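Take a look at the letters that make up each chain.
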Amino acid sequence: MNISKHISYKEAIRSNTAKRYGIRNNPKDWQIENMRTLAEKVFEPLRRRFGVPIRINSFFRSTRLNKAVGGSSKSQHVKGEAMDIDDTYGGVTNAEMFHFIKDNLEFDQLLWEFGNDKNPDWVHVSYTTRRPNRKQILKVVRKRGRTRYLPWQ
């Protein structure tokens, strides 16, 4: 079973943390539908635009896995509505993917996660069908040992 043309089910649920701690990370049917929608609306257009494979760091997370990785209790990863992508295998940067999503695609939340002003360490993007997408754009930084979510400028 595939989530989309370029995302296998195995890739979508893969987690080194889940493997290390023996955590089951299997989505329910409604979560798989959310994953398919996110893939259709965001991932596949991004993949078509750049024409190279894109690394997915994190897609679906069970509640237990999300807690183990220190995710927010309100994380859209648990609903199958969010993914973290990290560079491509073909030389496209996280910044290029971030700006393409920001300027061309519908999304709920888009995060420039850590990194520097030229390139984030990874990009978090979500899409929902439960309500209108917020198009919220934030920059996530560490200041004095604390994680801060700053408005995108």
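Look a little higher up for the structure.
Residues numbered from 1 in each chain as written. Predicted model: local features only at pLDDT ≥ 70, side-chain atom pairs only at ≥ 80, totals over all residues. Heavy atoms only, no water.

A.B. asks: For this particular structure, what's the right way to read the overall build of the chain?
C.D. replies: The secondary structure content of the chain amounts to five helices and eight strands. Written out in order from the N terminus, the α and β elements of the chain read β-β-α-α-α-β-α-β-α-β-β-β-β. Taking 2.2 N^0.38 as the reference for a compact globule, 153 residues should give roughly 15 Å; the C-alpha atoms of the chain span a radius of gyration of 15 Å, in line with that estimate. For the chain, the spread of C-alpha atoms along the principal axes amounts to about 40 × 35 × 35 Å. Across the 153 residues that make up the chain, the buried fraction comes to 50%. Within the chain, contacts between residues separated by at least 24 positions form 63% of all contacts whose residues are at least 6 apart in sequence. Of the roughly 8,700 Å² of accessible surface on the chain, a fraction of 46% belongs to carbon and sulfur atoms. (Helix = DSSP H or I, 4+ residues; strand = E, 2+ residues; numbered from the N terminus. Rg over C-alpha atoms; globule rule 2.2 N^0.38 Å. Buried < 20%, exposed > 50% of the residue type's maximum accessible area, 1.4 Å probe, protein only. Contact = heavy atoms within 4.5 Å. Areas by Shrake-Rupley, 256 points an atom, 1.4 Å probe, with all protein chains shown as cover.)

A.B. asks: Got a minute to help me understand the sheet that holds strand β3 (residues 54-58) in this structure?
C.D. replies: Think of a sheet as strands paired side by side through backbone hydrogen bonds, with each pair either parallel or antiparallel. Read across the open sheet, the six strands follow the order β3-β4-β6-β5-β7-β8; overall the sheet is mixed. The two strands at the open ends of the sheet, each matched to only one other strand, are β3 and β8 (146-151). Strand after strand, the sheet turns through a mean of 30° between neighbouring axes, direction not considered. In this sheet, β8 lies alongside strand β7 (residues 136-143) in antiparallel orientation, the contact comprising six bridges. Looking at the pairing, Val-141 lines up with Arg-148 of β8. Lying over the sheet, helix α3 (residues 29-50) contacts β3, β4 (82-88) and β6 (122-126), oriented at roughly 10° with respect to β4. (Pairing = 2+ DSSP bridges. Axes fitted to C-alpha atoms, helices over the stretch in contact; angles between N-to-C directions.)

A.B. asks: I would appreciate a short explanation of the side chain of Ser-62 in the present structure.
C.D. replies: Positionally, Ser-62 belongs in the loop between β3 and α4 (63-68). What makes Ser-62 buried here is its relative accessible area of 11%.

A.B. asks: It is not clear to me how the layout of surface pockets should be interpreted in this structure. Could you clarify?
C.D. replies: Over the atoms rolls a probe the size of a water molecule, and its path tells where empty space is left. Considering only enclosed or pocket space, the largest pocket measures out at about 870 Å³ in volume. Forming the boundary of the largest pocket are 33 residues, of which Arg-61, Gly-71, His-77, Asp-84 and Glu-113 lie nearest the centre. Of all elements in the fold, only α2 (16-21), β3, β5 (109-113), β6, β7 and β8 reach the threshold of two or more residues within the lining of the largest pocket. Reported here for the second largest pocket is a volume of approximately 150 Å³. Lys-10, Ile-13, Arg-14, Ser-15, Asn-16, Ala-18, Lys-19 and Asn-25 are the residues that line the second largest pocket. Here the lining of the second largest pocket takes three residues from α2, the largest share from any one element. Here the residues of the lining of the second largest pocket are counted per class, giving two nonpolar, three polar and three charged. (1 Å grid on protein atoms, 1.4 Å probe; cavity = no way out; pocket = protein on both sides within 12 Å on 5 of 7 lines; lining within 4 Å. Points joined across faces, edges and corners; volume = space filled by probe spheres on them. Nonpolar A, V, L, I, M, F, W, Y, C, P; charged D, E, K, R; others polar.)

A.B. asks: I tried to follow the nonpolar core on my own but got confused; where do I start?
C.D. replies: Most often, soluble globular proteins keep nonpolar side chains buried together rather than apart. Counting residues in each nonpolar core, the largest one holds 33 residues, and the members touching the most others are Ile-3, Ile-7, Phe-59, Met-83, Ile-85 and Ile-101. Elements supplying a minimum of two residues to this core: α1 (9-13), α3, β3, β4, α5 (94-104), β5 and β6. Of the residues forming this core, the biggest block, eight residues, is contributed by α3. What Ile-85 contacts, discounting residues up to four positions off in sequence, is Phe-43, Leu-46, Ile-54, Arg-55, Ile-56, Asn-94, Met-97, Ile-101, Trp-122 and Val-123. (Core = buried A, V, L, I, M, F, W, Y, C linked by side-chain atoms within 4.5 Å.)

That is the geometry; function is a separate question.
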